[in-house]
Amino acid sequence: MPAGIVVRGLRKVRTLLVESAGARTLDGKQLARIHDLLHECASGVGGEVSARRRAGRLAETYLRLDDQGRATFLRIIASEFGPDPQQVARAHADYQAAIDSEERWAAESDLRHAIRSSRLRILTQFTALPQGVKFLVDLRADLLRFVDQDPALRSLDQEVELRLAAWFDVGFLELQRITWSSPAKLLEKLIEYEAVHEIRSWSDLKNRLDSDRRCYAFFHPRMPMEPLIFVEVALTDKLADNVQTLLDEHAPVFDAQRASTAIFYSISNTQPGLRGVSFGNFLLKRVVDDLKRDYPRLVNFATLSPLPTFRRWAEKNPDAWQKAFGEADLERIKRHLAPAQTTMANAAGLVQLLADDRWVDDERLARALQHGLRRLAARYLLATDKSGRPYDPVARFHLGNGARIERLNYLADTSPRGRRQSFGLMVNYLYDPDTIEENVEAFSRGSEFAAAAAIRRSARD
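About the criteria used
- Residues numbered from 1 in each chain as written.
- Predicted model: local features only at pLDDT ≥ 70, side-chain atom pairs only at ≥ 80, totals over all residues.
- Heavy atoms only, no water.
- Helix = DSSP H or I, 4+ residues; strand = E, 2+ residues; numbered from the N terminus.
- Contact = heavy atoms within 4.5 Å.
- Areas by Shrake-Rupley, 256 points an atom, 1.4 Å probe, with all protein chains shown as cover.
- Lys, Arg positive; Asp, Glu negative; His and termini not counted.
- Charge placed at Lys NZ, Arg CZ, Asp CG, Glu CD.
- Buried < 20%, exposed > 50% of the residue type's maximum accessible area, 1.4 Å probe, protein only.
- Arc of directions from axis to C-beta.
- pLDDT = per-residue confidence, 0-100.
- Core = buried A, V, L, I, M, F, W, Y, C linked by side-chain atoms within 4.5 Å.
- Polar contact = N/O pair within 3.5 Å; in protein donor to acceptor, adjacent residues only side chain to side chain.

Please provide a residue-by-residue account of the overall build of the protein, values included.
Scanning the protein from terminus to terminus reveals 22 helices and 8 strands. For the protein, the C-alpha atoms occupy an extent of roughly 80 × 55 × 50 Å along the three principal directions. Contacts in the protein between residues at least 24 apart in sequence constitute 75% of all its contacts with a sequence separation of at least 6. Within the structure as shown, the protein displays about 22900 Å² of accessible surface, and the carbon and sulfur contribution to it stands at 49%. If you average the places of the 67 positive and of the 63 negative side-chain charges in the protein, the two averages end up 2 Å apart.

An account of the side chain of Thr303 is requested, with residue identities and associated values reported.
Following the sequence through the fold, Thr303 ends up in strand E5 (residues 300-303). A relative accessible area of 1% places Thr303 in the buried class. Setting aside its immediate chain neighbours within four residues, Thr303 contacts Ile263, Phe264, His398, Val427, Asn428, Tyr429 and Tyr431.

If you had to explain helix H16 (residues 327-335) to someone new, which residues and values would you point to?
By the burial criterion, the buried members of H16 are Asp329, Leu330 and Ile333. Taken around the axis of H16, the buried residues stretch over an arc of 95 degrees, which confines them to a single face. Set apart from the buried face of H16 by more than 90 degrees, the exposed residues are Glu327, Ala328 and Arg335. In the core, the buried residues of H16 are packed alongside helix H15 (318-324), helix H17 (347-355) and helix H18 (363-381).

Help me get a handle on the confidence of the model for the protein, residues and values and all.
Counting all residues, the mean pLDDT for the protein is 90, and 93% of those residues have values of 70 or more. Segment residues 16-22: pLDDT under 50, and 11 contacts once partners within four positions in sequence are set aside and those in other chains are kept.

Describe the nonpolar core, listing the residues and the values that go with them.
Looking at soluble globular proteins, one finds that nonpolar side chains tend to be buried together. Within the largest apolar cluster, 109 residues are counted, with the highest numbers of intra-cluster contacts made by Phe168, Leu291, Trp321, Ile333, Trp359, Leu369 and Leu373. Counting residues per element, this core draws most heavily on H18, which supplies 10 residues. Not counting residues up to four positions away in its chain, the partners in contact with Leu373 are Phe310, Trp321, Phe325, Leu354, Trp359, Tyr410, Phe423 and Leu425.

Got a sec to walk through the environment of Leu304? Specific residues and values, please.
Within the secondary structure layout, Leu304 lies in the loop between E5 and strand E6 (305-306). Looking at Leu304, the relative accessible area reads 0%, which means it is buried. In this structure, the C-alpha to C-alpha distance between Leu304 and Glu159, residues 145 residues apart in sequence, is 36 Å.

For helix H7 (residues 118-125), give the residues involved together with the corresponding values.
For an α-helix the count is 3.6 residues per turn, leaving residues at separations of three or four pointing the same way. Restricting attention to buried positions, one finds in H7 the residues Arg119, Leu120, Ile122, Leu123 and Gln125. Looking at the buried residues of H7, the elements they touch are helix H2 (28-43), helix H3 (48-63), helix H4 (67-80), helix H8 (132-146) and helix H9 (154-167). For H7, the N-terminal cap is Ser117; the gap from its side-chain oxygen to the backbone nitrogen of Arg119 is 3.3 Å.

So, the environment of Asp169: which residues are in play, and what are the values?
Mapped onto the secondary structure, Asp169 falls in the loop between H9 and strand E1 (174-177). In this structure Asp169 comes out as partly exposed when scored by relative accessible area, which is 39%. Along the chain, Asp169 and Phe126 lie 43 residues apart, while their C-alpha atoms are 19 Å from each other. At 2.8 Å, the side chain of Asp169 and the backbone nitrogen of Gly171 are in polar contact.

Tell me about the environment of Gly171, residues and numbers included.
If you trace the backbone, Gly171 turns up in the loop between H9 and E1. When its relative accessible area of 59% is taken as the criterion, Gly171 is described as exposed. Separated by 34 residues in the primary sequence, Gly171 and Val137 have C-alpha atoms spaced 18 Å apart.

Below you can see the structure in the form of structure tokens.
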């Protein structure tokens, strides 16, 4: 096949990666053709041009399918292209027999070859496409959606994850600073992928990229316009306690040269298909080094972080309310309730009272709730799941990277999302260079989490 035809086919796949219109399920004829193409991929029929053509046709077909069709497509790969059980059994028997002989290493190599499935050969051929790596990342995102309903896909998902982990090793990634002068296509990606604090407009984005702000992202060479993870940083002279102030477009620009503190206020993973491939900790370390080089006065590195599952946890743990809200707290709350609401001034009724997010706008009631909600949040941050890890996913990330729970901030995020997730509370995690390694080791041993004394007192009170 002429090279020009292959290139045109690959461009078609690249277009389909952007917009998959006319999604449809598989018919019998199409299913048979997919079987044939997959078997050709697995056996390596033909040369490089043939391999690219097949990969392009398979990718184009896949992207035009609806969810049912894609699940069928993936199930074929998972079920028909795994290791041959008989070949594995023979290779394993030969290896066991050769353990104490000179043939051991050859037998080990044969066993390793037998265990290797044809799935990897098929998947690797997609990387020849201009957008092939992105295609596989998105294919993994589909797998993660389907695997709970179809356990037969788990082996394929594990193989794809391992392959992506190798391709996206941090050594291959490039750290780039994103500025207002970056390509518009990339800036649009920031708006699309921001997962913590919604970017509401271009002026909002411009404010986040001003001279007292920094934005850094990791990129893969094969996905140059797709940030894998990005962090937004504010340069300031104090520990930030309020995201409304931090994101205020009308606030005066701070002189970054006077900054003593770098606040990481948003960290967004952008590719669902890379779940399980961790590089967030490397991003923070690289960004800290970059900032210290450019701003020698920086001495504090901290976050202003959400508590994304606080409200969910609180509503599932009624006993925690009773411990967090004492009689004095309940009396203060009762004084600011309407007569018909006074029955809510008890531990059990507080969940119902706070279900109406308008309490945030009642200044006196919000003040009466403050002490109890702080204590409840402190208990939440020190709570663990069944494996003994922090219940809060953001806490798991930062504590696992050596940070310390430093301070709780009341009504720090009063956006609808902030109220819905955490009753408006946020937390500062502090990265102290002198204690990071010690904290990482303690966390990995399952020892006590690193937390400021004030947090521990609140949790005990």
